[in-house]
Amino acid sequence: MKKTINILLILALGVAVFGATPGFAQPEKVIRIGFPGGSGRPLSAGGWGYVQAKNLFEEEFKKDGWTIEYNYIKTAGPGVNEGLANNSLDFGSHGDLPVLSARAGGLKIKALAAVRGGTSHLLVPTNSNIRTIKDLKGKRVGVNVGTWTHALLIKVLKDNGLTMKDIKVINTSGTAFETALTTGDIDAGFGSLSLIRSGRAREIWTTVGRHVRYQNTNTFVVREEFLKKHPDIVKRLLKVYVKGLYLASLNKNETLKFNTRTGTALADLVTDNGGQSIKYLTSPKLDGQVTQQYKDSLVLFKDNGLIRKTFDPEKDLYERKYLDEVLKELKLENHWPNYDINGNPIKK
Amino acid sequence: MSITTNVATFIRTRYHGLVSFLALFIVWSAVSHYELVSAEYLPSPPAVAKAFVKVIKSGQLGVSLGSSLVRIAEGFFIGTTLGFLFGVAMGVSATAERLFAPLFNALRQVPIIGWIPLIIVWCGINEPSKISFISIGAFFPILLSTFEGIRSVSKSYLEVAQVFEYNRIKLLRKIVVPGAVPNIVSGIRLSMGTSWLLVVWAEINTRSAYGIGDLLSSAGDGKKPDIAFVCIIVIGIVAFLINELFGHLEARLSTWRKSYR
Amino acid sequence: MKIQLLKNKLTGLIIPLVLYVAWDLLSRYELVPSTLMPPPKVLFETWWVMQSSGELLLNMKMSLLRVGAGFLVGASSGFLLGTAMGLWKPVEQYLNPVFNFFRQVPVVAWIPFLLLWLGIDEWFKIVFISCGAFIPMTLKTYDGIKNVPASYLEVVRVFEYGWFRLLRTVIVPSALPSIFTGLRLSLSEAWMLVIGAELVAAGEGIGNVMVIARRLFQTDVVLVGVIVIAITGFAMDRLLGLLETRFLGWHRTQNAQ
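Looking now at the overall build of chain B. Counting its secondary structure elements, chain B contains 11 helices and 0 strands. For chain B, the sequential pattern of α-helices and β-strands runs α-α-α-α-α-α-α-α-α-α-α. Taking 18 Å as the expected radius of gyration for a compact globule of 261 residues, we find that chain B reaches 23 Å, considerably beyond that expectation. Referenced to the eigenvectors of the C-alpha coordinate spread, the extents of chain B come out at roughly 75 × 60 × 30 Å. By residue count, 46% of the 261 residues in chain B fall in the buried class. Long-range contacts, defined as pairs at least 24 residues apart, comprise 71% of the intrachain contacts of chain B with a sequence gap of at least 6. Carbon and sulfur atoms provide 67% of the accessible area of chain B, an area that totals close to 13,000 Å².

As C-alpha cells, this is what we get:
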C-alpha cells in the first residue's frame, strides 16, 4: 500500500512538472510574422512597409478567419530566431547573419524570398579623432551581436586587415547604443543617419554607394513545420506579398512615404537608397546576388566562429517552388530581372 | 500613549541612526548643491523628489510596479506550488527523497542568473521567460524549507498519530504539514524575497514595455539618474515590506506553534 | 548496512539517468527540437571544442579573476564592518541602521548607477561583485560576534584579559563558524553576480560567452556554459567547506562533547 501511494505521488509530481512547462501548441488561425524592431516602430522598411500599410495580408485572410500578427522584436534578428525556435512566430524577415546562424544551429526554416538593400553607417562621436576603419584598432565598438551589422563589421575590418580581436566588442543596441555613443562610453558602432542629422555622431564609413555585398540581404523565412502543415496558406501569403512588392515598385513615392513611418526621415531614406532602383530594392527573387553573397558569408562566418558548422543553403535553406509559382500566376516572371553578385541585372 | 510621546521614544531609541541618515543626507545635498559631482552622475535630493512626483503622476511608476508584481505573483505561484509538492513528497517518503534529491541538488548549483540566457533561448523574451525564471528562483527555497520542516516534525507526534491510527492523508493534514508550517513560511519569505530581485534581473535582461526593472534600465540608458534613483528607492522599499510582512507572519506562526505545544 | 547505503545511492541515480536517456532520445529523434535541447553527445563535443581551443579556459579565467577581486574586496570590508559593529557600541549605533537600510536594496538595482559612474569596464564588474559579497559577510560577522555567549565574556573579565587577547582567544574563535557561513554566502553571491554583470555588460567572461552564443543561436554553447558555471560554483563552495572543516574541526568536537 505504502509503495503504491509513493509511486502515485511521484507520478502526480511528474505530471505536474511536465504539465507546467509551456506548451508548444500552435494557436488556431493566426499568422505570426516577426521583424527585427530596433526602433520599436510598428512598420517595416522597404516593400514590407507597403504591404503592412495597405493591410494586404489582413484583407486577403479576413474572409476565412485567419488573423495576422506583426511582431517587432526588440532583440532584432536573434530574437526573431528565438521566436521561430520556441514556436511563437511562424514567419520572419531578418538579416543574413541571423538567418544563416539559425540554420547552422539547426533551426528548421525555409527562405521563401529575398528582401534587399539594408544600409548602415559606421558612426563615431562628433569630437572623436577616429577617421578611418584602421583607427578602430584597440577601440571599444558597440556591436548588436548576432545581427547583420555584426557581420558587416567583420567584413569591413577584414578589408582593412583587422579582425574582431583587434577591437573591444561591447554588446549593445537601440537607445542604449545611441546614448553610449554620444556620451563616449563606446568609440564607434553602426547606426542610423538620424544620429548624424541630430549632430550627435559623425560618419566614418557607410554602405551607401558601395558594393551591394556590404548591404543587408534579408530573407523572408517560414518555419518548416508551418510550411508542411499549411502550404496553401504560405502560398497565398506569398502571393499577396509579391503583389504588394509589385505595387510598391510602381509607386516609389508612396512606398517611401509609408517607410517614413518607421521613424526615419524622408531625406534619410533617399540618402540610404543611394540611387538604387526601386525595382532592385523590391525584387523578391533568390537570385545570384543573394545566393553568392550568402555563400561568401557562410565562409566568413565559419572562419570567425559565428557559426560552428556550415551547410548547403541550396539544399537546406532556399525554397523557390512557391515564389516561382506565384510569379507565374501573377504573370510577373519578367517584372524583376535576376541580379548578379554585383547587383547588376543579368541580360537575357 | 500620545503621538508626541511615541515620536519622542522613536527619536530617543533611534537617535544614532537618525543622526547618521541626517549626515548622509546633508553630504548628498551639499555634494549636489555645490556640484562636486555633476547632476548627470548624482541627482540632487529635490531632483529625485521631483522625479518621484513625476513618475507617480504620469502613472509610469504604478504601471511598472503593477506589471512586476503580476509577474512575481505568477512565477511565485508556480514555483512555490511545485516546490511545496516536491518538498512534501521528499519529506514524507524516503524513496522520493532518494529519487529527487540528487537531481535537485545538481540543478541548485546553477547560479540562478545563469538560467537567464538558456530560458531566453527556450521561451523567448516575453512573459513566459520572465515567469519561468522567477518560478525557478522561488522553487528552491520553498522546496528546502518544506522538506526540512517536515523532517523536523518530532517523532513523538508521529507516535501519537500511530496510536490514533491516522491514515496517511490525515497524518499529513493534521500533523506533518501543520508542524512544518513555520519552516514553510520562512521558505515563502525567502522565495518572495528572491522573486522580487529576480523580476528586476529578468526585466533588465529581457526588456518589456512595463516593469520596475524596465523603468530602471531605461532610465539608465537614457541617462536619467533621478528616475533611476526613484526606482532604487522603490525597489528597496518593496524588498523591505516583503521581508517585514513575512517576517511578521513567521514570528506569529512560531509563537503559535509554541503555545500549541 | 553497506548494501542499503549503496542501494540508497543508486536510487538517487534513477531519475537523472531516466532524464538523461529521455533527453537523449527526445533530442535524437527530434521530438524536442535539438535547437532548444541539443542531445548530450553534442554538448560533450561542444565542450571539447571549447576546451581544446582554449576559449573556455580564457573566459573562465576572466570570470574567476573578477570574482576573486570582488570577493576579496567585498568580504574583507564586510568582515571589518561586521567586526567593528560587533565590538564597538558607537559604531553599531551609528552604522547599523544605515547598513540595514542599504541592505534592503538588491544589488541588481544599482546596476544603472554603477554603469553610469564606472562605465562598462572592469571597475563596474568588480565593484558590483564586491557590493554583493559585502552584505552577507557583514551580516554574518556581526551576528557571530554579537552571539558570543555572555558567560565567556564574564569569565574573561574575571581573568582581566586585554583587548587583543580577548579578540584572539574568545571572540574570533566563537564567531568563526558564523564568519565561515558569511564567507560561503558571499562567495556564492559573488559567483552569481559575476555572471549577472557579464550578461549586462560585455567583455570576456563565461557569462558573455553565453550571451553571444544565445545571440548566434548556439544553444549547445549556452547549455555548456550553464553546466560549467554550476560545477565551478559547486567546486568553490566545496573548497571553502573543506577549509572550514580544517579550521573548525576542533569546534565541532567541542560542540559534540
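The discussion continues.
Now for the overall build of chain C. In terms of helices and strands, chain C carries 10 helices and 0 strands. Scanning chain C from its N terminus toward the C terminus, one meets helices and strands in the order α-α-α-α-α-α-α-α-α-α. Taken against the 2.2 N^0.38 rule, which gives 18 Å for 257 residues, the C-alpha radius of gyration of chain C at 23 Å runs more than 25% over that of a compact globule. Seen through its C-alpha atoms, chain C measures out along the principal axes to roughly 75 × 60 × 30 Å. Across the 257 residues in chain C, those meeting the buried criterion constitute 49%. Across chain C, every contact between residues at least 6 apart in sequence was considered, and the portion connecting residues at least 24 apart equals 72%. Counting every atom, chain C has about 13,200 Å² of accessible surface; 70% of that belongs to carbon and sulfur. Each charge sign in chain C was given a centre, from 21 positive and 16 negative side chains, and these centres are 8 Å apart.

Among the surface-exposed residues, Tyr 34, Leu 36, Val 37 and Tyr 41 of chain B together with Trp 117, Leu 118 and Trp 123 of chain C lie close enough to one another that they form a single nonpolar patch of about 790 Å² accessible area. Within the secondary structure, Leu 36 of chain B sits in the loop between helix H2 (15-33) and helix H3 (45-57).

Turning next to the pattern of salt bridges. Scanning the entire structure with this criterion turns up 31 salt bridges over all chains. In this structure, the salt-bridge partner of Glu 55 of chain C is Arg 308 of chain A, at a minimum N-O distance of 3.7 Å. Of this pair, Glu 55 of chain C sits in helix H3 (residues 55-87) while Arg 308 of chain A sits in the loop between helix H14 (288-303) and helix H15 (313-316), placing the two residues on different chains. You can call Glu 55 of chain C partly exposed: its relative accessible area is 27%. The closest approach of N and O atoms between Arg 184 of chain C and Glu 244 of chain C, which form a salt bridge, is 2.9 Å. Of this pair, Arg 184 of chain C sits in helix H8 (residues 163-200) while Glu 244 of chain C sits in helix H10 (residues 219-256), placing them 60 residues apart in sequence. Look at the salt bridges and you will find they share partners, linking Arg 32, Asp 90, Arg 223 and Glu 225 of chain A into a network.

Our focus in this paragraph is the interface of chain A and chain C. Across the boundary between the two partners, chain A contributes 30 residues, which contact 20 residues of chain C. Here chain A and chain C share an interface that buries about 2,000 Å² over both sides, 55% of which is from carbon and sulfur atoms. At the boundary of chain A with chain C, the tally comes to 2 salt bridges. Partitioned by chemical class, the residues of the side of chain A that touches chain C number 13 nonpolar, 11 polar and 6 charged.

Contacts between chain B and chain C engage 45 residues on the former and 45 residues on the latter. Here chain B and chain C share an interface that buries about 4,100 Å² over both sides, 81% of which is from carbon and sulfur atoms. A per-residue breakdown of the area chain B buries against chain C is headed by Arg 98, Trp 201 and Ile 232 of chain B, which together make up 14% of the total. Where chain B touches chain C, the interface holds 0 salt bridges. Looking at the side of chain B that touches chain C element by element, the count peaks at 9 residues for helix H11 (residues 225-260) of chain B. Taken together, the residues of the side of chain B that touches chain C break down into 33 nonpolar, 9 polar and 3 charged.

This paragraph deals with the pairing of strand E1 (residues 30-36) of chain A. Residue and element names in this part refer to chain A. With 6 of 7 residues buried, E1 is to be regarded as a mostly interior element. Looking at chain direction, E1 and strand E2 (residues 67-73) are connected through 7 bridges and run parallel. Paired with Gly 34 across the bridge in E2 is Asn 71.

This brings us to the environment of Ala 69 of chain C. Residues and elements named next belong to chain C. If you trace the backbone, Ala 69 turns up in helix H3. Residue class for Ala 69 comes out partly exposed when judged on its relative accessible area of 28%. Sequence-wise, Ala 69 and Ile 126 are 57 residues apart; in three dimensions their C-alpha atoms are separated by 6.5 Å.

We now examine unusual backbone geometry. All names here are of chain A. One non-glycine residue, Asn 55, adopts positive backbone phi at about 55°. If you trace the backbone, Asn 55 turns up in the loop between helix H2 (46-53) and helix H3 (56-62). Located in the positive-phi region is Lys 331, a residue other than glycine, with phi close to 55°. For Lys 331, a relative accessible area of 70% corresponds to the exposed category.

Let us now look at the packing of aromatic side chains. Tallied over the entire structure, the rule returns 32 aromatic pairs over all chains. Plain terms: the ring middles of Phe 86 of chain B and Phe 100 of chain B are 5.0 Å apart, the flat faces sit at 80° to each other, and that makes the pair edge-to-face. Note that Phe 86 of chain B is positioned in helix H4 (residues 60-92) and Phe 100 of chain B in helix H5 (residues 94-108), a separation of 14 residues in sequence. The interplanar angle of 45° and the centroid separation of 6.1 Å between the aromatic rings of Trp 47 of chain C and Trp 48 of chain C together place this pair among those described as tilted. Residue class for Trp 48 of chain C comes out exposed when judged on its relative accessible area of 52%. Feature note: the residues Phe 35, Trp 48, Phe 57, Tyr 70, Tyr 72, Phe 91, Phe 220, Phe 226 and Tyr 241 of chain A constitute an aromatic cluster, connected by ring pairs. Arg 213 of chain A extends its terminal NZ or CZ atom over the ring of Tyr 214 of chain A, reaching a point 4.7 Å from the ring centre.

Attention now goes to the sheet that holds strand E6 (residues 140-143) of chain A. Residue and element names in this part refer to chain A. If you walk across this open sheet you meet the 5 strands as E7-E6-E8-E5-E9, and the pairing is mixed. The sheet is open, and its two borders are formed by strand E7 (168-171) and strand E9 (201-206), each paired with just one other strand. In this sheet, adjacent strand axes meet at a mean angle of 35° when their direction is disregarded. As judged from the 5 bridges shared by strand E5 (residues 121-125) and E9, these two strands associate in the antiparallel manner. Of the residues in E9, the one forming a bridge with Leu 122 is Trp 205.

Before going further, it helps to spend a moment on empty space enclosed by the protein. Applying the stated rule across the entire model yields 3 cavities of 30 Å³ or more. Approximately 50 Å³ is the volume attributed to the largest cavity. Around the largest cavity sit Ile 116, Ile 119, Ile 120, Ser 129, Lys 130, Phe 133, Ala 202 and Thr 206 of chain B, which together line it. For the lining of the largest cavity, the secondary structure elements donating two or more residues are helix H6 (115-123) and helix H7 (127-151) of chain B. Split by residue class, the lining of the largest cavity holds 5 nonpolar, 2 polar and 1 charged. Counted as a void, the second largest cavity has a volume near 40 Å³. Considering the residues around the second largest cavity, the lining is formed by Ala 219, Gly 220, Lys 223, Lys 224, Pro 225 and Ala 228 of chain B together with Pro 112, Phe 113 and Leu 116 of chain C.

Residues and elements named next belong to chain B. Running from N to C, H6 and H7 point in directions that differ by 140°, and their axes come no closer than 9 Å. Classified by the angle their axes make, H6 and H7 are oblique. Regarding H6 and H7, the two cross each other, and that crossing is right-handed. On the side of H6, the interface is formed by Trp 115, Ile 116, Ile 119 and Cys 123, while H7 contributes Pro 128, Ser 129, Ser 132, Phe 133 and Ile 136. Grouping the constituent residues of the contact of H6 with H7 by class yields 7 nonpolar, 2 polar and no charged.

So, how was this worked out
Residues numbered from 1 in each chain as written. Chains lettered and ligands numbered in written order. Predicted model: local features only at pLDDT ≥ 70, side-chain atom pairs only at ≥ 80, totals over all residues. Heavy atoms only, no water. Helix = DSSP H or I, 4+ residues; strand = E, 2+ residues; numbered from the N terminus. Rg over C-alpha atoms; globule rule 2.2 N^0.38 Å. Buried < 20%, exposed > 50% of the residue type's maximum accessible area, 1.4 Å probe, protein only. Contact = heavy atoms within 4.5 Å. Areas by Shrake-Rupley, 256 points an atom, 1.4 Å probe, with all protein chains shown as cover. Lys, Arg positive; Asp, Glu negative; His and termini not counted. Charge placed at Lys NZ, Arg CZ, Asp CG, Glu CD. Patch = residues over 30% accessible without salt bridge, like charges linked within 9 Å, V, L, I, M, F, W, Y side chains within 5 Å. Salt bridge = Lys/Arg side-chain N within 4 Å of Asp/Glu carboxyl O. Buried area = accessible area lost by both parts, 1.4 Å probe. Nonpolar A, V, L, I, M, F, W, Y, C, P; charged D, E, K, R; others polar. Pairing = 2+ DSSP bridges. Phe/Tyr/Trp six-rings, centres within 6.5 Å; stacked < 30°, edge-to-face > 60°. Lys NZ or Arg CZ within 6 Å of the ring centre and 35° of its normal. Axes fitted to C-alpha atoms, helices over the stretch in contact; angles between N-to-C directions. 1 Å grid on protein atoms, 1.4 Å probe; cavity = no way out; pocket = protein on both sides within 12 Å on 5 of 7 lines; lining within 4 Å. Points joined across faces, edges and corners; volume = space filled by probe spheres on them. Parallel < 35°, antiparallel > 145°, perpendicular 65-115°, else oblique. Left-handed = near helix turned anticlockwise from the far one by under 90°.

Any functional reading would require information beyond the geometric quantities listed.
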